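Residue-level structural notes
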Amino acid sequence: MVRRVAVVGAGAGGLASVKCCLDEGLEPTCFESSEDIGGVWRYTDSTDKSRVSVYRSVITNTSKEMSCFSDFPFPEDFPSYLPHSLVLKYFRMYARHFDLLRHVRFQTTVLSVRRCPDFTSSGQWEVVTETEGVHESHIFDAVMVCTGHYQEPYLPLASFPGIESRFKGQQLHSREYRDVQAFRGKRVLVVGIGNTGGDLSVELSRVAAKVFLSTRSNTWVISRVSEHGFPFDMVNTTRFNHLLEWLLPSALTRRIKFRKFNSWFNHTNYGLASSKSSKFKMIINEELPFCLLSGTVVLKPNVKEFTESSAVFEDGTIEEDIDVVLFATGYNFSFPFLEESVCSTIDDNRSLYKCIFPPQLEKPTLAIIGLIQLTGSIMVGSEMQARWVTGVFAGWNKLPSPSRMMAEVLKRKPPVKRNPHERENLKMSFISYMDQIAVCAGVKPSVLRLLLTDPQLGLAIFFGPCSPYQYRLVGRGRWSGARAAILTQRQRTLQPLKTRVLGDSSDSSYSWCWVCLLALPAALTAGFLFSKYPQPGWSPWARPQL
């Protein structure tokens, strides 16, 4: 019987895990190596290598209504997209509201997590910690690892001949970046076009003499601002859209997406992506297209090699007098405190059952929280994982046998081992994954039942944003405020913009109601599809892909 639970890390996943433990009547102890909560969202000017922090100007890529904990909305007056200071403020509000801090031991580093000698029968773990030089040993019934996957900078220097042996300029990883001051007047080469690479290229272009952005990927650039000024994720992350993607051929859905992306600007003309490419990535960035159009950022192909002061690219072009090479090449995850026999089996999240449980353990008392990369908020996904995991620990949710879990994991593993540093391995559909874990936890709402019993709510769930509140309507942890939160999320999105009220401003909620009313037959048909496929965990808008 699990009672005492060790939680490693007090970031978003750690706070959610502590709260979920308390909800299930468990006794959590959270170990945080730094002096405060927040994880990567707690910005500091220090570039201390012991922790990773966001850079000063960072803004969230997911909106507040799609990123909040499922029973604790962001304040109404917070903007839809948030700087790190407001994200951290929200974490403090959450921790204070649910009285979480008394369960956190700050400035305490976890040195080792090892199975007890009687693990096969007890499932217990020995956790050794260090606080101000003093080592302590603890016995816990279960462990939740909440350190995420932004841990160790990935620097593929071997892929760039000359960067270490010949290049005389400065080289650094984006982890060391804080602001633009050190780059004023310099010629900067940014390597990597993920969200960070795009953000830093735009920011540096305001002060640098020239910024070059090198990429080997086809990349589609999208804006946070979508139809009618609503956040992109609120407009696009819906169960209706997800159902269409499941029903339509993948080639057709890809063509529709490409056409929509190109309606903003032609990505081929900008050298970013071709609609004929089957492999691509998407990044969020409103300003990058203008920087490319104005020449303050110049897009380049992959670097072939470096000389003393220049970069030679794969197309044969050369850029001279490069002062700084900034690698925006992502991170590796690692769990150095886990015993080797467990840690060595975790290549990526596909090595884990449902991306959470190591399947080879005799007792499911170790959970990895947040080792996911979703098309939506990781924070929301981590909370859903924590809800299911604590339900398992408390005995409400059951797992298959280790052999069955291992068999499912092996199905997901690719036949040929890929580069372990490819973070694409971690990416999954937000709605698919959330629904799959929600089914396991018994908290997935029935769209068909809601359409029949509460049409207003059912339509909002099906056609509106798939926000976290949906997973608080039913099951354990049900929140009485979930329905109201869903029906008022558009008003909360617009509220921070009402700083200058116009006399002819109109309420769009009426048009939204008419759209929902007209769409009711289609929604009922979609709900009927669900009832025709009663396999456990299946739904037409949650196609299994894990």
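The paragraphs below set out a description of the structure included in this document. Residue positions within a chain follow its written sequence, with the count starting from 1. The predicted origin of the model limits local features to residues at a pLDDT of at least 70 and limits the giving and counting of side-chain atom pairs to 80 or more, whereas totals for whole chains, interfaces and linings rest on all residues. Side-chain measures here rest on the full set of heavy atoms in the structure, leaving out hydrogens and waters.

The next thing to look at is the layout of surface pockets. Using protein atoms alone on a 1 Å grid, points that fit a 1.4 Å probe yet trap it form a cavity, whereas open point sets bounded by protein on both sides within 12 Å along at least five of seven lines form a pocket; residues with an atom within 4 Å of a point count as lining. Grid points are joined across faces, edges and corners, and a volume is the space filled by probe spheres set on the points. Taken as a whole, the second largest pocket spans an internal volume of roughly 400 Å³. As for the second largest pocket, its lining consists of 20 residues, and the residues nearest its centre are V2, K363, P364, T365 and V392. Strands are runs of DSSP state E lasting at least two residues, helices are runs of H or I lasting at least four, and both sets are numbered from the N terminus onward. For the lining of the second largest pocket, the elements supplying multiple residues, two or more each, are helix 4 (119-122), helix 11 (378-394) and helix 12 (402-412). Polar here means any residue other than Ala, Val, Leu, Ile, Met, Phe, Trp, Tyr, Cys and Pro, which are nonpolar, and Asp, Glu, Lys and Arg, which are charged; Gly is therefore polar. For the lining of the second largest pocket, the class distribution of residues is ten nonpolar, six polar and four charged.

On to the nonpolar core. Taken as a class, soluble globular proteins show a tendency for nonpolar side chains to be buried jointly. M144, F357 and F393 are the most contacted members of the largest nonpolar core, which has 75 residues in total. No other element matches the eight residues that helix 11 contributes to this core. By definition in these notes, contact holds between two residues if any of their heavy atoms fall within 4.5 Å. Setting aside residues no more than four positions away along its own chain, F357 makes contact with L352, P364, L366, A367, W388, V389, V392, F393 and L399. Counting residues in hydrophobic clusters, the runner-up holds 30 residues, among them V58, L204, V221 and L288. We call a set of buried residues a nonpolar core when its members are Ala, Val, Leu, Ile, Met, Phe, Trp, Tyr or Cys and they connect through side-chain atoms within 4.5 Å of each other. Whether a residue is buried, partly exposed or exposed follows from its accessible area with a 1.4 Å probe, protein chains only, as a fraction of its type maximum: under 20%, in between, or over 50%, in that order.

With that out of the way, let us pick up a nonpolar patch on the surface. Residues L244, L247, L248, L252 and I256 make up a contiguous nonpolar surface patch of roughly 390 Å² in combined accessible area. Among the secondary structure elements, those contributing two or more residues to the nonpolar patch are helix 7 (239-247) and helix 8 (250-262). With respect to the element layout, L248 can be found in the loop between helix 7 and helix 8. Relative accessible area serves as the criterion here: at 31%, L248 is assigned to the partly exposed category. For patches, a residue must show more than 30% relative accessible area and have no salt bridge; joins then use 9 Å for like charges and 5 Å for nonpolar side chains, namely Val, Leu, Ile, Met, Phe, Trp and Tyr. Residue burial considers only the protein chains on display, and all accessible areas are found by Shrake-Rupley using a 1.4 Å probe. Here, a salt bridge means any Lys or Arg side-chain nitrogen found within 4 Å of an Asp or Glu carboxyl oxygen.

Note on pairing: DSSP must find at least two bridges between two strands before they are called paired. For strand 4 (residues 108-115) and strand 5 (residues 125-131), the ladder comprises seven bridges, and the chain directions are antiparallel. Counterpart to T109 in the pairing with strand 5 is E130. Across seven bridges, strand 5 lies against strand 6 (residues 134-140) in antiparallel orientation. Across the sheet, residue E130 finds its bridge partner in strand 6, namely H135. In this antiparallel pair of consecutive strands, strand 5 and strand 6, the connection spans two residues, and E132 shows a positive phi of 55 degrees.

Turning our attention to the sheet that holds strand 4. The strand order across the open sheet formed by three strands is 4-5-6, and the pairing between neighbours is antiparallel. Each edge of the open sheet is held by one strand with a lone partner, namely strand 4 and strand 6. Between one strand axis and the next, the sheet turns through 20 degrees on average, direction left out of account. All axes are obtained by fitting lines to C-alpha atoms, using only the stretch in contact for helices, and the reported angles, taken between N-to-C directions, cover 0 to 180 degrees.

Attention now moves to the sheet that holds strand 17 (residues 318-319). An order of 15-16-17 is seen for the three strands of this open sheet, with the pairing classed as antiparallel. Each of the sheet's edge strands pairs with one partner strand only, and the pair in question is strand 15 (303-306) and strand 17. Bridge analysis of strand 15 against strand 16 (residues 311-313) gives three bridges, and the strand direction is antiparallel. Bridge pairing links V303 to F313 in strand 16.

This part takes up the packing of aromatic side chains. Between 30 and 60 degrees the pair is tilted, below 30 it is stacked and above 60 it is edge-to-face, where a pair is any two Phe, Tyr or Trp rings, Trp via its six-membered ring, whose centres lie within 6.5 Å. Inspection of the entire model under this criterion finds 31 aromatic pairs. A ring pair is formed by F167 and F306, whose centres lie 5.5 Å apart and whose planes are at 55 degrees; its orientation type is tilted. One end of the pair, F167, is in the loop between strand 8 (152-153) and strand 9 (170-173); the other, F306, is in strand 15, with 139 residues separating them in the sequence. Aromatic ring contacts, followed pair by pair, group F69, F72, F74, F78, Y90, F91, Y94 and F98 into a single cluster. To sit over a ring, a charge needs its Lys NZ or Arg CZ within 6 Å of the ring centre and within 35 degrees of the ring normal. Against the face of F119 rests R115, its NZ or CZ located 5.8 Å from the ring centre. Lying across the ring of F230, R490 places its NZ or CZ 5.4 Å from the centre.

What follows concerns helix 5 (residues 195-204). Buried residues dominate helix 5, accounting for eight of its ten residues. In this structure, the buried side of helix 5 is in contact with strand 10 (187-191), strand 11 (210-214), strand 13 (281-284), helix 9 (288-294), strand 14 (297-300) and strand 18 (324-327).

Relative to the helices and strands, L352 resides in the loop between helix 10 (340-343) and strand 20 (366-368). Considering only alpha carbons, one finds L352 and L371, 19 residues apart in sequence, at a separation of 9.6 Å. Discounting chain neighbours no more than four positions away, the residues touching L352 are I346, F357, P358, P359, I368, L371, V409 and R412.

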